[in-house]
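Survey of secondary and tertiary structure
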Amino acid sequence: MFNEVAQQLLGVIGHSGTVPGAILAGDVPAALQRLKQASESDTEVIAGSDDGDDSGESAGVSLKMRALPLIALFESAQQNNSNVMWR
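The shown structure was predicted, so the numbers you read here are calculated from the model rather than taken from an experiment.

**Observations concerning the pattern of salt bridges**
Any two side chains of opposite charge can pair, so long as their charged atoms come close to each other. Inspection of the entire model under this criterion finds two salt bridges. In this structure, Lys-36 engages Glu-75 in a salt bridge whose closest nitrogen and oxygen atoms are separated by 3.1 Å. A residue pair is termed long-range when its members are at least 10 positions apart, and Lys-36 in helix H2 (residues 28-41) and Glu-75 in helix H3 (residues 63-79) qualify at 39 residues. The salt bridge partner of Glu-40 is Lys-64, with a shortest N-O separation of 3.5 Å. With a gap of 24 residues between them, Glu-40 in helix H2 and Lys-64 in helix H3 connect regions that are remote in the sequence.

Shown next as structure tokens:
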């Protein structure tokens, strides 16, 4: 995950976004819930790219789509009672 998107998603779950960082296993369920709620209610496009279309419009990726890998990671961490760490 790239810096800007990662920082935004960490902010959604209530983390300061410091690197390295971690969320303890006991805090994963609450962070996961916040992330799911934010991704379900937010359709904002947070990253644009050229889709190769000649229309001149750029395509983007919604917060919901960007959050899917992080949601999967947190679901796995919750099931395994594991911490989530990044650097």
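**Brief notes about the nonpolar core**
Within the largest apolar cluster, 17 residues are counted, with the highest numbers of intra-cluster contacts made by Leu-9, Ile-13, Ile-23, Val-28, Leu-35, Phe-74 and Val-84. At six residues, H3 tops the list of elements feeding residues into this core. Setting aside residues up to four positions removed in sequence, Val-28 forms contacts with Ile-23, Phe-74, Ala-77, Gln-78, Ser-82 and Val-84.

**Considerations on the environment of Ala-72**
Relative to the assigned elements, Ala-72 resides in helix H3. For Ala-72, a relative accessible area of 42% corresponds to the partly exposed category. The sequence separation of Ala-72 and Leu-32 amounts to 40 residues, and the corresponding C-alpha distance is 9.3 Å.

**Notes on helix H1 (residues 3-12)**
Of the residues making up H1, those classed as buried are Val-5, Ala-6, Leu-9 and Leu-10. The arc that holds the buried residues of H1, viewed along the axis, is 130°, so those residues lie on one side. Summarising the geometry of H1, the exposed residues directed more than 90 degrees from the buried face are Asn-3 and Glu-4. Positive backbone phi, approximately 90°, marks Gly-14, located one or two places after H1.

**Quick notes on the packing of H2 against H3**
At a minimum axis distance of 10 Å, the contact between H2 and H3 shows a crossing angle of 160°. In terms of axis orientation, H2 runs roughly antiparallel to H3. Between H2 and H3 lies a crossing of left-handed hand. Contacts between H2 and H3 involve Val-28, Pro-29, Ala-31, Leu-32, Leu-35, Lys-36, Ala-38, Ser-39 and Glu-40 from the former and Leu-63, Lys-64, Ala-67, Leu-70, Ile-71, Phe-74, Glu-75, Ala-77 and Gln-78 from the latter.

**What about the confidence of the model for the protein?**
Here the protein averages 82 in pLDDT, and 78% of its residues register 70 or above. Between residues 48-52, whose pLDDT stays under 50, and residues either more than four places distant or in other chains, the model counts six contacts.

Scoring rules and cut-offs
- Residues numbered from 1 in each chain as written.
- Predicted model: local features only at pLDDT ≥ 70, side-chain atom pairs only at ≥ 80, totals over all residues.
- Heavy atoms only, no water.
- Salt bridge = Lys/Arg side-chain N within 4 Å of Asp/Glu carboxyl O.
- Helix = DSSP H or I, 4+ residues; strand = E, 2+ residues; numbered from the N terminus.
- Core = buried A, V, L, I, M, F, W, Y, C linked by side-chain atoms within 4.5 Å.
- Buried < 20%, exposed > 50% of the residue type's maximum accessible area, 1.4 Å probe, protein only.
- Contact = heavy atoms within 4.5 Å.
- Arc of directions from axis to C-beta.
- Axes fitted to C-alpha atoms, helices over the stretch in contact; angles between N-to-C directions.
- Parallel < 35°, antiparallel > 145°, perpendicular 65-115°, else oblique.
- Left-handed = near helix turned anticlockwise from the far one by under 90°.
- pLDDT = per-residue confidence, 0-100.

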